[in-house]
Every structure is written in C-alpha cells, then in structure tokens.
Amino acid sequence: MLAIETSCDETAIAIVNGTSLGNTTHFTVHGNALISQIDLHRPYGGVFPTLAKREHAKNLVPLTRAVLEEAELLHEDTQNISEKDLNEVARALEREPDLAEQFLNMVTEIEIPEIDTIVVTAGPGLPPALWVGVSFARALAYVWHKPLVAVNHMEGHLLSALAKRTNDTELEIENITLPVLALLISGGHTELVLMRNWLSYELIGQTRDDAVGEAFDKVARMLGLPYPGGPEISKIAEEVRFEKNKEMLFELPRPMIADDTCDFSFSGLKTAVLYTIKDRTEKLSGDGSMKEFTVPPITEKEKRYIAYEFENAVSDVLLSKTMRAIEKTNARTLVLGGGVSANVHIGRVFAKELSQKYPNMSLCIPHQSLSTDNAIMIALAGFYHAQKGDFTAPQDIAADGNASLA
Ligand code: KG4
Ligand code: ZN
C-alpha cells in the first residue's frame, strides 16, 4: 500500500506491506516520510488552513518520490500516459495547478510502481488540507490503475495503538480481545469509541466543545509557550511533578467530572486558566498602587504550576470518564490514541488505575513514533478495509472534514 495523510499540518506518505495469518497481521514499513509544517504555523499559534493546503500541494510529489526510492520501487523510465488518463488527472487536480504540473512530470518519468493499493485519509480534518491528499490519491489511482481506499483518520489513530512495534520497520497486530474501548484524544477530537466487533464502532461519549489537544494548545498560548502546546505543557508540568515540596498555588475545575454521561467539556477549563492569570494581575494591581501595566509578567514558576494543575485537571476528567465507560461497556481492551496520547502523565495515570481496578484488561498506547499524525497509521487502517473489499471508485472519493467513526 501507498498511504497518504494530509488532514492537518503534516504531509505524510508511507509504503507498507500487510499480511494476515489467522489472528495476526504483520506489517512491514518499506518507506515512510513526513514533512511537518509546525514551524510555518507557529507564528499563527495554530494551523492556518490555506497555508496547510499550499504546503501539502508543494510536498506531495517530492515525498512520493522519496518513499518510492526508500522502498526501492522508483524506476526512472519515460512513460506515455493515455489521453483518457490525462483528462482524468486534469479533472482530479483542476483545483491544484502547481501540483498537477509536478504530478505529470513525475508520472511521465517513472514506471508504475509495484504497489497494490492507494490509501488516503478522507476525513475528519481541515477540508482544504484533506482535499489536496484526496485529489492526489485519485489522480494516482487513475494513472497507475490501482484500487483506492478512503480511510478515517481517527480509525488510523485507534488501530496504530493496537500495533506492537517489533523493530524500526515491523509492526504486528494480534489477538486483540474485544470489545475495545478507545479514548481518542487529538487536536480536533476527544471521544470515547467502542469497537464491539472488529472495525465496527459505537460512540460512547465526546467533547461538547473543545478537544483536549486544542485546550493544551490554547493554554500553552496563554502561558506564552510555542505551538503545539501539548509537549511544552507536559515538559514544564513534569518539572513540578517531581519537586519535593510542592505548593498549592492554583486550583482549576474538573469540568463535568460528576456528570453521569461519558461526555467531556474543556472550554470552561481553558477559561478558568485565563481567569487564573487575570486574577493574579488584578490581585497584584488591586490597591491601585501598582498599575496593571507595571504588574510583573507571569513568572516561570507560576507557568509551571498552572501547567501542572491543568494537566492534572485534564487527566482526572479523562480517567474518570473512561472508567465510567468501561463499566458501561464491559470493554476488555483500552486504547489511548491521537496526538495527546503521547502525554507521559496521562499514560502513567491510566496504566496505574487500570492495573489496580482492571488488572485483566490490556492498555494499548501507540509507540511514540506513531502517536501524532503519520501515514503508517493510515496504511494500517487501509489494509483492513482493503481486506474487506472496501474500495472507493476514484471518481467517487471525496474529503469529508466532519467524517465520524460511529
Ligand atoms: O493527532 P494529532 O497529531 O493531530 C490531530 O489529529 O489533531 O494531535 C495533535 C495534538 C496537538 O494538540 C498537540 O498539542 C497534542 O496533540 N500533543 C500533546 C502531546 N503531544 C502532542 N498533548 C499533550 N501532551 C503531549 N505530549
Ligand atoms: Zn490526528
């Protein structure tokens, strides 16, 4: 499979081979390349969709060549493309003139590679970003005459958590005990999803406002930390966590923790951080002797303590809702997936609670190389769908920014 991911701010392509034997699927990664746009979006404090789209369009052809070369599937040879295929390519890439030109240069210079299937993220994500990848995949499917599989990005996050990495290029998914409950936490999503039968999903709970990753990013911004905020908050919160004499400097709410549903809400927590910072300013300038603009800026210590309390509040809520969902569903395997599953504190808290309360349940967290967006996870999901014959005709494939798993 050649798998393509462009849902957000990473352009990623991977070439992965999958083979199933009984309950075990073995994956070999032959090529894997990713260009992160993080540095470009940083000045905006988040992802800027039209910039993401432009960068994906610029990166797709060089990345495809790079992974084909890595997989030893790149063979230079002049190709004649039929009039019919040229028309199809022109139609698929009509909104991407620069990409169309690069694309035609590539496919007229290299042989059709020995791959069986093209897999692409169709949603959820930023529509302009998704469309670039989908149109590119569609054009490739036409000129190379390969079947096409459309994949849900969140399913990629979920399945990659189930994969054990045996070495740098080998992954295995085996003997998964159903039902699987997945807490999917990323920049755009926060949801609890149940897989009672393989590849069939039921929504158990979701955020009513912000996603967890979004809250990490916004709080980081309030603290003057760079985008993406998750790793930054985690780094300074960890410093407090291992301090001997911790002070109780700030207290934040645990939104909806006592509520009977498995739903979440993080926008209030984000606002609480904003007020915590504001209150401090008011306190310091309160008697009028100190004007607001002379209030000393938030100290490094205050930043660390806010990050620490914020991370505690988030993990308390995530844990409590997930435990509620386990009780409701009798799940046997718990998955943490999506970019925020890279958070060490959240991982530790879940591992501890599960070993105490449900020692027979297994906890699956993606290998750190697979936790944030990548194309290997898209290949994994594509493999199981191809196995089921879940193909999409190139003329029918479409991006869906709001695609849901259940
Ligand atoms: O899954 P992902 O790469 O992209 C989306 O599908 O959204 O997730 C990105 C999100 C960002 O919000 C980022 O701040 C967060 O994952 N993130 C983390 C950590 N690493 C990435 N959040 C908390 N702790 C981390 N270590
Ligand atoms: Zn993601």
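The rules behind the values
Residues numbered from 1 in each chain as written. Chains lettered and ligands numbered in written order. Predicted model: local features only at pLDDT ≥ 70, side-chain atom pairs only at ≥ 80, totals over all residues. Heavy atoms only, no water. Pairing = 2+ DSSP bridges. Helix = DSSP H or I, 4+ residues; strand = E, 2+ residues; numbered from the N terminus. Axes fitted to C-alpha atoms, helices over the stretch in contact; angles between N-to-C directions. Contact = heavy atoms within 4.5 Å. Buried < 20%, exposed > 50% of the residue type's maximum accessible area, 1.4 Å probe, protein only. Donors = N, O, S within 2.8 Å, 3.2 Å for Na, K, Ca; no water. Polar contact = N/O pair within 3.5 Å; in protein donor to acceptor, adjacent residues only side chain to side chain. Domains from an automatic or database assignment. Salt bridge = Lys/Arg side-chain N within 4 Å of Asp/Glu carboxyl O. Nonpolar A, V, L, I, M, F, W, Y, C, P; charged D, E, K, R; others polar.

## Re the sheet that holds strand β2 (residues 10–21)
Reasoning step 1: Strands sit in the order β5-β4-β1-β2-β3-β7-β6 across an open sheet of seven strands; the sheet is mixed. Each edge of the open sheet carries a strand with a single partner, namely β5 (148–152) and β6 (164–167). Neighbour to neighbour, the strand axes of the sheet diverge by 30° on average, direction disregarded.
Reasoning step 2: The sheet contact formed by β2 and strand β3 (residues 24–36) spans twelve bridges and is antiparallel. Of the residues in β3, the one forming a bridge with A14 is N32.
Reasoning step 3: The strands touched by helix α2 (residues 49–70) are β1 (2–5), β2 and β3; relative to β2, the strand with the most contacts, the crossing angle is about 40°.

## Re unusual backbone geometry
Most peptide bonds are trans, and most residues other than glycine sit at a negative phi.
Reasoning step 1: Look at the link from L178 to P179: it is a cis peptide, with omega at -5°.
Reasoning step 2: Its location among the elements puts P179 in the loop between β7 (170–174) and β8 (180–185).
Reasoning step 3: In this structure, the amide linkage connecting Y227 to the following residue, P228, adopts the cis form with an omega of -5°.
Reasoning step 4: Considering the arrangement of structural elements, one finds P228 in the loop between α7 (212–222) and α8 (229–241).
Reasoning step 5: You will see that N175, though not glycine, has its phi angle at about 40°, which is positive.
Reasoning step 6: Residue placement: N175 occurs in the loop between β7 and β8.
Reasoning step 7: Classification of N175 by relative accessible area gives exposed; the value is 52%.
Reasoning step 8: The phi angle at M256 is positive, at roughly 65°, despite the residue not being glycine.
Reasoning step 9: Its location among the elements puts M256 in the loop between α8 and α9 (267–285).

## Considerations on the coordination of the zinc ion (ligand 2)
Reasoning step 1: Of the protein atoms, only H153 (NE2), H157 (NE2) and D373 (OD) coordinate the zinc ion (ligand 2), at distances of 2.1 Å.
Reasoning step 2: Motif for the zinc ion (ligand 2), donor spacing along one chain: H-x3-H-x215-D. Highlighted residues: H157 in helix α6 (residues 153–162) and D373 in the loop between β12 (362–364) and α12 (376–387), separated in sequence by 216 residues.
Reasoning step 3: For D373, a relative accessible area of 15% puts it in the buried group.

## A short note on the side chain of T190
Reasoning step 1: Assignment of secondary structure puts T190 in strand β9 (residues 190–197).
Reasoning step 2: A relative accessible area of 2% places T190 in the buried class.
Reasoning step 3: At 2.8 Å, the side chain of T190 forms a polar contact with the backbone nitrogen of V212.
Reasoning step 4: For T190, the residues in contact, after removing those within four places along its chain, are L184, I185, Q206, T207, A211, V212, F264, F266 and L318.

## Quick word on the domain arrangement of the protein
Reasoning step 1: Along its sequence, the protein is carved into domain 1 (2–163 + 370–396) and domain 2 (177–365).
Reasoning step 2: One C-alpha centre belongs to domain 1, the other to domain 2, and the line joining them spans 32 Å.
Reasoning step 3: Taken residue by residue, the interface counts 20 residues in domain 1 and 23 residues in domain 2.
Reasoning step 4: The interface formed by domain 1 and domain 2 holds zero salt bridges in total.
Reasoning step 5: On inspection of domain 1 and its partner domain 2, the count reaches four residue pairs in polar contact (both at pLDDT 80 or more).
Reasoning step 6: Only α6 and α12 provide two or more residues apiece to the side of domain 1 that touches domain 2.
Reasoning step 7: The element that contributes the greatest number of residues to the side of domain 1 that touches domain 2 is α6, accounting for seven residues.
Reasoning step 8: Within the side of domain 1 that touches domain 2, the residues separate by chemical class into ten nonpolar, six polar and four charged.

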